[in-house]
Amino acid sequence: MYSIDLTGKTALITGVSNKRSIAWAIAQILHQAGARLAFTYRRERVKAKIEGLASELSGSLFLECDVQNDEQLKAVFTEIDSKFGRLDCLVHSVAFAPPAELGGLFVNTSRDGFKTALDISAYSLIPMAKHALPLMDKAGGGSLIGISYIAAERAVPAYNVMGTAKAALEQIIRQLAFELGPMNIRVNGISAGPIETVSARGVPGFTDFFSMYEQRAPLKRNVTQEEVAKSALYLLSDLGSGVTGEIIFVDSGFHIVGY
Ligand code: 1JT
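The rules behind each value
Residues numbered from 1 in each chain as written. Predicted model: local features only at pLDDT ≥ 70, side-chain atom pairs only at ≥ 80, totals over all residues. Heavy atoms only, no water. Patch = residues over 30% accessible without salt bridge, like charges linked within 9 Å, V, L, I, M, F, W, Y side chains within 5 Å. Areas by Shrake-Rupley, 256 points an atom, 1.4 Å probe, with all protein chains shown as cover. Salt bridge = Lys/Arg side-chain N within 4 Å of Asp/Glu carboxyl O. Helix = DSSP H or I, 4+ residues; strand = E, 2+ residues; numbered from the N terminus. Buried < 20%, exposed > 50% of the residue type's maximum accessible area, 1.4 Å probe, protein only. Core = buried A, V, L, I, M, F, W, Y, C linked by side-chain atoms within 4.5 Å. Contact = heavy atoms within 4.5 Å. Lys, Arg positive; Asp, Glu negative; His and termini not counted. Charge placed at Lys NZ, Arg CZ, Asp CG, Glu CD. Pairing = 2+ DSSP bridges. Axes fitted to C-alpha atoms, helices over the stretch in contact; angles between N-to-C directions. Left-handed = near helix turned anticlockwise from the far one by under 90°. Near = heavy atom within 4 Å. Polar contact = N/O pair within 3.5 Å; in protein donor to acceptor, adjacent residues only side chain to side chain. Nonpolar A, V, L, I, M, F, W, Y, C, P; charged D, E, K, R; others polar. Parallel < 35°, antiparallel > 145°, perpendicular 65-115°, else oblique.

S.K.: Just checking my understanding: could you explain a nonpolar patch on the surface for this structure?
M.R.: A cluster of nonpolar side chains, Tyr2, Ile4 and Leu239, forms an exposed patch at the surface whose accessible area comes to about 330 Å². If you trace the backbone, Leu239 turns up in the loop between helix H9 (225-236) and strand E7 (247-250). Owing to a relative accessible area of 40%, Leu239 belongs among the partly exposed residues under this scheme.

S.K.: What's the story with the nonpolar core in this structure? I'm lost.
M.R.: Across soluble globular proteins, nonpolar side chains show a tendency to be buried alongside one another. Counting 39 residues, the largest nonpolar core has Ile13, Ile26, Leu30, Leu37, Phe39 and Ile145 as the members making the most contacts within it. Examining the composition of this core, we find that eight residues originate from one element, helix H1 (residues 22-32), more than from any other. Ignoring sequence-local partners within four residues, the contact set of Leu30 consists of Leu6, Ala11, Ile13, Ala35, Leu37, Val91, Leu233 and Leu236. In terms of nonpolar packing, the next biggest core, distinct from the first, is built from 32 residues, Leu90, Met136, Ile172 and Ala177 among them.

S.K.: What exactly am I supposed to notice about a positive patch on the surface here?
M.R.: On the surface, Lys19, Arg43, Arg45 and Lys49 cluster together into a positively charged patch. Following the sequence through the fold, Arg43 ends up in the loop between strand E2 (36-41) and helix H2 (44-53). With a relative accessible area of 43%, Arg43 lands in the partly exposed category.

S.K.: What is the right way to look at the sheet that holds strand E6 (residues 185-192) in this model?
M.R.: Strand pairing in a sheet is mediated by backbone hydrogen bonds. Such pairs are either parallel or antiparallel. Here seven strands make up an open sheet; going across it, the order is E3-E2-E1-E4-E5-E6-E7 and the pairing parallel. A single partner strand is all that each edge strand has here, and the edge strands are strand E3 (61-64) and E7. In this sheet, adjacent strand axes meet at a mean angle of 20 degrees when their direction is disregarded. Bridge count for strand E5 (residues 142-148) against E6 is seven bridges, and the pairing is parallel. By the bridge assignment for E6, Ile145 is matched with Asn188. Its contacts with the sheet put H1 on strand E1 (10-13), E2, strand E4 (89-92) and E5, and the angle it makes with E2 is roughly 165 degrees. Along the sheet face, helix H6 (residues 161-180) touches E4, E5, E6 and E7 and points at about 160 degrees away from the line of E6.

S.K.: Is there a simple way to explain the packing of helix H4 (residues 111-123) against H6 in this structure?
M.R.: Axes are the key here: two packed helices are described by the angle between their axes and the distance separating the axes. For the pair H4 and H6, the least separation of the axes is 9 Å and the interaxial angle reads 35 degrees. Note that H4 runs across H6; the crossing there is right-handed. Here H4 contributes Phe114, Ala117, Leu118, Ser121, Ala122 and Tyr123 to the contact with H6, which in turn contributes Val161, Met162, Thr164, Ala165, Ala168, Leu169 and Ile172.

S.K.: So what exactly am I meant to see when it comes to the pattern of salt bridges here?
M.R.: Opposite charge on two side chains permits them to pair, given that their charged atoms come into close proximity. Applying the stated criterion across every chain, the model contains six salt bridges. Close ionic contact of Arg221 with Glu227 constitutes a salt bridge, the shortest N to O distance being 2.7 Å.

S.K.: It is not clear to me how the site of the ligand should be interpreted in this structure. Could you clarify?
M.R.: Taken together, 14 residues sit near the ligand, with Ala97, Tyr159, Val203, Phe206 and Phe209 positioned nearest. The side chain of Tyr159 places a nitrogen or oxygen atom 2.7 Å from a nitrogen atom of the ligand. For the shell around the ligand, the secondary structure elements donating two or more residues are helix H7 (198-201) and helix H8 (206-216). When its residues are assigned to classes, the shell around the ligand shows 13 nonpolar, one polar and no charged.

S.K.: What exactly am I supposed to notice about unusual backbone geometry here?
M.R.: If you check the backbone angles, Asn160 has positive phi at about 45 degrees while not being a glycine. Looking at the element boundaries, Asn160 is found in the loop between E5 and H6. Overall, Asn160 belongs to the buried group, its relative accessible area being 12%. A positive phi angle, close to 55 degrees, is found at Lys220, a residue other than glycine. Assignment of secondary structure puts Lys220 in the loop between H8 and H9.

S.K.: Help me out: how do you make sense of the environment of Gly104 in this one?
M.R.: Among the structural elements, Gly104 can be located in the loop between E4 and H4. Look at Gly104 and you get partly exposed, because its relative accessible area is 41%. Spatially, the C-alpha atoms of Gly104 and Pro157 are 8.9 Å apart, while their sequence positions differ by 53 residues.

S.K.: What exactly am I supposed to notice about the packing of H1 against H9 here?
M.R.: Two elements in contact, H1 and H9, have axes separated by 8 Å at closest approach and are oriented at 55 degrees. Classed by the angle they form, the pair H1 and H9 counts as oblique. Relative to H9, H1 is oriented so that their crossing is right-handed. Of H9, the residues touching H1 (which contributes Ile22, Ala25, Ile26, Ile29 and Leu30) are Gln225, Glu226, Val228, Ala229, Lys230, Ala232, Leu233 and Leu236. Taken together, the residues that form the contact of H1 with H9 break down as 10 nonpolar, one polar and two charged.

In structure tokens:
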């Protein structure tokens, strides 16, 4: 019999900002599987919110981490090493682009907007993997995941520079999978369908995408955070042991449709 038991394992979860966050659904499912969790938050204001959410997840660590800050990134892993002594799973679920970059014309993408979007949404996985490596090596291996979107490989209106960032993220996933494979560290991505998170709600035209999936996707509905979390659990646990460098679509099958 195969089962998922993460007792004695530890996971670092980035990108929880509220109860609708994809990362929050992943945190809950990893907790149910028995993992000890560490959360990073961007600002002190968000810390209280995450601590409130995670209050039932006893033994969790809460660490400040602006992914654009090298010292903070490093400190997160030093802290995990001293409190947990190992790391088995890492969830990269952070993305940002300045609001002006989404919804308008892609030709108007600013140099600063491009730098910010790619720095936060794609580059950040590289130093995370670097610092996770010795901790995962101690544990005999590990599993990292990132969250992507179909705009990484197709032209999607309004998503603009975030599509550029997701394309970079997906290649970073493959390059890291190649480099960390010999240490038994797997790196994969989940390409999610549109989900009504707080960051998505602020995007002009987002609701149109929601109804398009209901009409065109094979499953004739949208996906939930929990459905993304179930695939995350598979990739982060031993069930995904032979899988690395892969991007799995959790999108009601939308990406296979040709009309
Ligand atoms: C960001 C935002 C990253 C919204 C995001 C995102 N990844 C997915 N979404 C939802 C979305 C947004 C658009 C879209 C489809 C889905 C907002 C803040 C910056 C980071 O267009 C088709 C625009």
